[in-house]
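# Notes for the structure review
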Amino acid sequence: MTKYAALILAAAVIAGMSGVGMYVVSALRRTADRPASAGSPKAGHDVRRDVSDTLYQANCAGCHGADGKGGAARGLIDTVFLDIADDATLRRITTSGVPGTAMPAFAIPAGGALTDQQIDTIVRSIRTAGTSAGAVPDSTPPPYSTPTAGDPKRGSEAFATFCARCHGADGRGGQGVQRGSSIVDASYLALVSDQSLRTTVIAGRPDLGAPDWRGNLPTRPMSSDEVSDVVAWLAAQRGMTR
Ligand code: HEC
Ligand code: HEC
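Below is a short write-up of the structure. All of these numbers come straight from a predicted model, not from anything done at the bench.

### Observations regarding the overall build of the chain
Secondary structure summary: the chain contains ten helices and four strands in total. The order of helices and strands in the chain, counted from the N terminus, is β-β-β-β-α-α-α-α-α-α-α-α-α-α. Across the 242 residues of the chain, 37% fall into the buried class. The long-range fraction of contacts in the chain, counting pairs at least 24 apart against all pairs at least 6 apart in sequence, stands at 69%.

### Observations concerning the site of ligand 1
Not every one of the 29 residues close to ligand 1 is listed here, only the nearest: Cys60, Cys63, Met103, Ser193 and Ser196. Mapped by element, the contributors of at least two residues to the shell around ligand 1 are β4 (25-29), α2 (61-64), α4 (87-96) and α9 (194-203). Across the shell around ligand 1, the residue classes break down as 19 nonpolar, nine polar and one charged.

### Topic: the packing of α9 against helix α10 (residues 224-236)
Two elements in contact, α9 and α10, have axes whose closest approach is 9 Å; the angle formed by their N-to-C orientations is 135°. Taken together, the axis directions place α9 and α10 in an arrangement best described as oblique. The element α9 and its partner α10 pack so that their crossing is right-handed. Of α10, the residues touching α9 (which contributes Asp194, Leu197, Arg198, Val201 and Ile202) are Val227, Val230, Val231, Leu234 and Ala235.

### A word on α10
The end-to-end C-alpha distance of α10 is 18 Å, a good match for the 18 Å that 13 residues give at a rise of 1.5 Å each. What α10 keeps buried is the set Glu226, Val227, Ser228, Asp229, Val230, Val231, Ala232, Trp233 and Leu234. Each element contacted by the buried residues of α10 is listed here: α6 (152-162), α8 (186-189) and α9.

### Here's the deal with the nonpolar core
The biggest cluster of nonpolar side chains holds 41 residues, and the ones touching the most others in it are Phe81, Ile126, Ile202, Val227 and Val230. Among the elements of the structure, α3 (79-84), α5 (116-130), α6, α8, α9 and α10 are those that each provide at least two residues to this core. Per-element accounting of this core gives the leading share, six residues, to α10. Not counting the four nearest positions on each side in its chain, Val227 is found in contact with Pro142, Arg198, Val201, Ile202, Trp213 and Met222.

### What to know about the packing of α6 against α10
Following both chains from N to C, one finds α6 and α10 inclined at 105°, their axes separated by 7 Å at the closest point. For the element pair α6 / α10, the angle class is roughly perpendicular. For the pair α6 and α10, contact is made by Pro152, Arg154, Gly155, Ser156, Ala158, Phe159 and Phe162 and by Glu226, Asp229, Val230, Ala232, Trp233 and Ala236, respectively. For the contact of α6 with α10, a count of residues per class yields eight nonpolar, two polar and three charged.

### Let's talk about the environment of Leu76
Following the sequence through the fold, Leu76 ends up in the loop between α2 and α3. You can call Leu76 buried: it has 27 C-beta atoms within 10 Å. Between the C-alpha atom of Leu76 and that of Leu90, which follows or precedes it by 14 residues, the distance is 9.1 Å. Beyond its immediate sequence surroundings of up to four residues, Leu76 is in contact with His64, Gly68, Phe81 and Ile126.

### Notes on the environment of Asn216
Locating Asn216 in the fold gives a position in the loop between α9 and α10. Exposure remark for Asn216: the 25 C-beta atoms within 10 Å place this residue in the buried category. Separated by 54 residues in the primary sequence, Asn216 and Phe162 place their C-alpha atoms 5.4 Å from one another. The residues contacting Asn216, other than those within four sequence positions of it, are Phe162, Cys163, Pro211 and Met222.

### Concerning the environment of Arg92
By secondary structure assignment, the location of Arg92 is in helix α4. Each C-alpha atom of the pair Arg92 and Phe106 lies 9.9 Å from the other, and the pair is 14 residues apart in sequence.

Conventions used here
Residues numbered from 1 in each chain as written. Chains lettered and ligands numbered in written order. Predicted model: local features only at pLDDT ≥ 70, side-chain atom pairs only at ≥ 80, totals over all residues. Helix = DSSP H or I, 4+ residues; strand = E, 2+ residues; numbered from the N terminus. Buried ≥ 20, exposed ≤ 12 C-beta atoms within 10 Å, placed from the backbone. Contact = placed C-beta atoms within 7 Å. Near = placed C-beta within 6 Å. Nonpolar A, V, L, I, M, F, W, Y, C, P; charged D, E, K, R; others polar. Axes fitted to C-alpha atoms, helices over the stretch in contact; angles between N-to-C directions. Parallel < 35°, antiparallel > 145°, perpendicular 65-115°, else oblique. Left-handed = near helix turned anticlockwise from the far one by under 90°. Expected span 1.5 Å × (residues − 1). Core = buried A, V, L, I, M, F, W, Y, C linked by C-beta atoms within 7 Å.

See the structure below:
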């Protein structure tokens, strides 16, 4: 029934220096059918360094990838991602987690096991590993977040313009080479925050071949409003699909 299958990320053991213990991660991922590279990830020499920091490895690698370029959850050293997410954002999310999703809170007062100083160290190591590739050339991505919510009705049009050719007219998955899977699946939408959808639309998922905000159409990039609208449309699909 769904193209997403629940992947029990073999008990991401998050022990080590933090002693957080063990999380069983149930992240929604497609297990098959993933196109090697749809989208049009800008090819070229990848000069990013892996995140070697031991705190990152012990606490984050299980979900965000040992190299920081993505696993069950997005890559944190992706160039566009680091361009839109400032250090305060990285720190805030690491501190408090994202309620209702698999992203845990790591700060001690929030039930985690990391001190503020350890969180700073992790943020620094992500920044250092990611920025060696330099900033996003010649273009300004839409901001990480906006104060105003998008409009689902306009979002439906934006979806048709920017997304349907890969994810299908109704979002349930496309055909052909540049195929993306269903993104209106209830079990997918239930576990993903609106922010994560926004981040995905802006920064793409280079590890999965999903384009960033410039790559949907050959003719023009998405505006910040179009990103907000398409996210509002996706959010409106929660509970409307099976
Ligand atoms: C158990 C799996 C898991 C672990 C461990 C984990 N994350 Fe996450 N992380 C997630 C998921 C899932 C999301 C997306 C949540 C959502 O829907 O907003 C996320 C989101 C994030 C985001 C926001 C990305 C965005 O889309 O804007 C940041 C920053 C982040 N994590 C940092 C970290 C750091 C730093 C660590 C280690 C200290 C860590 N995470 C450990 C699963 C994890
Ligand atoms: C050129 C083809 C293409 C276009 C255009 C495209 N996508 Fe995707 N998208 C992909 C591929 C490939 C993936 C990764 C495989 C998968 O999960 O479907 C993906 C994945 C996703 C995911 C899931 C990411 C995750 O966490 O697993 C979301 C959400 C998404 N796309 C939303 C959108 C939206 C919204 C648009 C329009 C603004 C869009 N995509 C346009 C190809 C495309």
